[in-house]
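Per-entry structural report
Take a look at the letters that make up each chain.
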Amino acid sequence: MTTSTTDSGAQPKKPLLLIVEDDVNQRALYEEEMRDEGYEVVTASDGRQALQVATDAHPDLVIMDVNMPVMDGLDTMSRLIEVDRHIPVIIHTAYESYKDSFASWSADAYIVKSGDLNNLKEKVRELLESRDSSA
């Protein structure tokens, strides 16, 4: 899916983000903030659900928590890459220590959670623009 396609002269398609976050309040906040930025959003509460949503919805970018039940974010990310190896993934976690994990190196970005979502929003824009320009 690209962001430059149109549906019979309609408005350009909005990029679709998949937000994978087990905390219901954080998931709702991220969803609202990203919709306010002009993105379509689908969500998942764990890694297994994220894989199903990604397979069905084909998101343009994934924002992934790491520490989740059922399947953690690093395992999920490696399986997502099998679904679409070109999909940008942002690891968004409260734990800076995962940055040193070999498994996190395949992510396109690593952002430590904070109350200020500007870094996350900026990285989403940057990765989507980069993906569009290389398509």
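Reference entry: report on the structure contained in this document. (Residues numbered from 1 in each chain as written. Predicted model: local features only at pLDDT ≥ 70, side-chain atom pairs only at ≥ 80, totals over all residues. Heavy atoms only, no water.)

**Describing the nonpolar core**
- Of all hydrophobic cores here, the largest spans 20 residues; its most connected members are Leu 18, Val 20, Val 62, Met 64 and Ile 91.
- Looking at this core, the elements that each hand over two or more residues are strand 1 (16–20), helix 2 (47–57), strand 3 (61–64), helix 3 (73–83) and strand 4 (89–93).
- Among the elements that make up this core, the one with the highest residue count is helix 2 (four residues).
- By size, the runner-up hydrophobic cluster in this structure holds 16 residues, among which are Val 41, Ile 90, Leu 117 and Leu 128. (Core = buried A, V, L, I, M, F, W, Y, C linked by side-chain atoms within 4.5 Å. Buried < 20%, exposed > 50% of the residue type's maximum accessible area, 1.4 Å probe, protein only. Helix = DSSP H or I, 4+ residues; strand = E, 2+ residues; numbered from the N terminus.)

**A look at the pairing of strand 3**
- On strand 3, burial covers both faces: Leu 61 and Ile 63 on one face and Val 62 and Met 64 on the other are all buried.
- The sheet contact formed by strand 1 and strand 3 spans four bridges and is parallel. Residue Leu 17 lies in a different strand from strand 3, and its bridge partner there is Leu 61.
- Pairing of strand 3 with strand 4 involves three bridges; the strand directions are parallel. (Pairing = 2+ DSSP bridges.)

**Re the sheet that holds strand 2 (residues 40–44)**
- The strand order across the open sheet built from five strands is 2-1-3-4-5, with neighbouring strands paired in parallel fashion. Strands at the two margins of the open sheet, each flanked by one partner only, are strand 2 and strand 5 (109–112). Across the sheet, the mean angle from the axis of one strand to that of its neighbour is 20°, orientation sign disregarded.
- The sheet contact formed by strand 1 and strand 2 spans five bridges and is parallel. Across the sheet, the residue bridging to Ile 19 is Thr 43, located in strand 2.
- Its contacts with the sheet put helix 1 (residues 24–36) on strand 1, strand 2, strand 3 and strand 4, and the angle it makes with strand 2 is roughly 165°. (Axes fitted to C-alpha atoms, helices over the stretch in contact; angles between N-to-C directions. Contact = heavy atoms within 4.5 Å.)

**Here we look at the packing of helix 2 against helix 3**
- Where helix 2 contacts helix 3, the axes come no closer than 10 Å and their chain directions differ by 15°. Regarding the angle of helix 2 to helix 3, the classification is roughly parallel. Crossing of helix 2 against helix 3: the hand is right-handed. Contact residues: Gly 47, Ala 50, Leu 51, Ala 54 and Thr 55 in helix 2; Thr 76, Arg 79, Leu 80 and Val 83 in helix 3. (Parallel < 35°, antiparallel > 145°, perpendicular 65-115°, else oblique. Left-handed = near helix turned anticlockwise from the far one by under 90°.)

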